[in-house]
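Here are the chains, one letter per residue:
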Amino acid sequence: MAAGPNAAAGPARSPVKLVFLGPPGSGKGTQAEVLAEQLGVSHISTGAMLRDAVADGSDLGKKVDGIMRSGALVDDDTMAEVVRDRLAKDDARQGFILDGYPRTLPQAETLGTILSGLSGRGAALDAVVLIDVPEEELVRRALARQRADDKEEVVRERLRVYREKTEPLIDHYRGRGLLRAVDGDATIDQVTSRILGAID
Ligand code: ADP
C-alpha cells in the first residue's frame, strides 16, 4: 500500500478549532491570544476586527461604532458576513481560536453552517472553552480598563446582554458535549494551564 506523506507521523491531525466563551472581563481575549500562540493557530477576535474597522473608518466601522459604544450587539447578519470572510482565509484553515463569536444562538447555528461548508476534513469545532468569573470580579476588572466602551453603565449593559443573549450558548454547547468550563478567577498563567488541561 502506498504510504502518504504523513504515514511516518501517523494519521494527520486535523486543525485545532476552538471557540472561547466568557463574559466581558473574563480574560477570554488574553487567554485566546496566549493559547493561539502556543498552539500555533490564528487568534480571531471579532471585537478586535470590529474595532479595527471603526479605526479605519470603513463602511463596516461606521455601521458598528455606535452599537459597540452602547454595549449592544452588532446584528447577526453583519457578523455572519464578517466571520464567513475571515474563516475563509488560508490561515484560518490551519486552525483557529474564535474569540467573541458566536455570541447568540443564531450565531452558533451560522457558525455550524459556515464550518460544514468549508472544504477539508474535521470541519467541526473541537471544543468550546468557557472562562467563568464571578460578577463582582468582572465589574472590578472592567472598570480598571480604559476603553471607549468601558464606562460603568456600558460595562453593566454588556454584562446584561451577555447574560441574556450569550449565556444560552453554554447549554447549547454542553448539550453537544463540546463545553469545557474553566475557573477564570486566578492569574493569567494559572488560567492558561487550566485551559490546556481542559482541552487536552
Ligand atoms: P469583550 O470585552 O467581551 O471581549 P469584544 O472585544 O469581544 O468584547 O467585543 C466588543 C464589542 O464588539 C461587543 O460589545 C459588540 O458590540 C461587538 N461584537 C463583537 N463580537 C460580536 C458578535 N459576535 N456579535 C455581535 N456583536 C459583537
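Here, residues in each chain are numbered from 1, in the same order as that chain's written sequence. pLDDT decides what is reported in this predicted model: residues at 70 or higher carry local features, side-chain atom pairs at 80 or more are listed and counted, and totals for whole chains, interfaces and linings draw on all residues regardless. Excluding hydrogens and water, the side-chain values take into account all heavy atoms of the structure.

### Quick word on the nonpolar core
To be explicit about the condition: Grouping buried Ala, Val, Leu, Ile, Met, Phe, Trp, Tyr and Cys residues that are joined through side-chain atoms within 4.5 Å yields what is termed a nonpolar core. Under the scheme applied here, a residue whose accessible area is under 20% of the maximum for its type counts as buried, over 50% as exposed, and between as partly exposed, the area being computed with a 1.4 Å probe on protein chains only. Note on conventions: DSSP H or I runs of at least 4 residues are helices, E runs of at least 2 residues are strands, and numbering of each starts at the N terminus. Only heavy atoms matter for contacts: two residues are in contact if any of them lie within 4.5 Å across the pair.
Counting 28 residues, the largest nonpolar core has L87, L111, L125, V128 and Y173 as the members making the most contacts within it. Of all the elements, helix α6 (residues 105-117) adds the most residues to this core, at four residues. Residue contacts for V128: discarding those within four places in its chain leaves V19, L21, Y173, L178, L179 and R180. Ranked by size, the runner-up nonpolar core spans 17 residues in total, among them F20, I131, V182 and I195.

### Observations regarding the sheet that holds strand β5 (residues 179-183)
Here is the rule we go by: By definition, two strands form a pair when at least two bridges between them are found by DSSP. Orientation is described by lines fitted to C-alpha atoms, with helices fitted over the stretch in contact, and by angles between N-to-C directions that extend from 0 to 180 degrees.
In spatial order, the strands read β2-β3-β1-β4-β5; together these five strands make up an open sheet with parallel pairing. Strands at the two margins of the open sheet, each flanked by one partner only, are β2 (42-45) and β5. Each strand axis lies, on average, 20° off the axis of its neighbour in the sheet, ignoring direction. Where strand β4 (residues 127-132) lies against β5, five bridges are found, and the strand directions are parallel.

### Examining the pattern of salt bridges
We count it as follows: What counts as a salt bridge is simple: a side-chain nitrogen of Lys or Arg found within 4 Å of a carboxyl oxygen of Asp or Glu.
All told, the structure shown has 13 salt bridges when counted by the stated rule. Here R163 ties to E135 by a salt bridge, and the two come within 2.7 Å at their closest N and O atoms. In this pair, R163 sits in helix α8 (residues 152-166) while E135 sits in helix α7 (residues 135-144), placing the two residues 28 residues apart along the sequence. E137 is the partner of R141 in a salt bridge, and the nearest nitrogen-oxygen pair spans 2.8 Å. Within this pair, R141 and its partner E137 are both found in helix α7, separated by four residues, close to a single helical turn.

### Considering the side chain of S42
Definition in use: Any pair of N or O atoms that falls within 3.5 Å is considered a polar contact. Within protein, one atom must be able to donate a hydrogen and the other to accept it, and sequence-neighbouring residues count only if both atoms are side-chain atoms.
Residue position: S42 is located in strand β2. Judged by its relative accessible area of 15%, S42 falls in the buried class. At 2.5 Å, the side chain of S42 forms a polar contact with the side chain of D91. In contact with S42, not counting residues within four places along its chain, are A36, R86, D91, A92, G95, F96 and I97.

### Considerations on the site of the ligand
The condition is simple: Residues are labelled near a given molecule or strand when at least one of their non-hydrogen atoms is within 4 Å of it. For the area figures, the Shrake-Rupley method with a 1.4 Å probe applies, and any residue is considered shielded solely by the protein chains shown. Three categories are distinguished: nonpolar for Ala, Val, Leu, Ile, Met, Phe, Trp, Tyr, Cys and Pro, charged for Asp, Glu, Lys and Arg, and polar for the others, with Gly belonging to the last.
Taken together, 18 residues lie near the ligand, and T46, R51, A72, G100 and R158 sit nearest. Between the ligand and T46, the relevant distance is 2.8 Å, taken from a nitrogen atom to a side-chain nitrogen or oxygen of the residue. Here an oxygen atom of the ligand sits 2.7 Å away from a polar atom, N or O, in the main chain of A72. Out of a free accessible area of 560 Å², the ligand has 95% covered by protein chains. Broken down by element, the residue count for the shell around the ligand peaks at four residues, all from helix α2 (residues 46-56). Partitioned by chemical class, the residues of the shell around the ligand number eight nonpolar, four polar and six charged.

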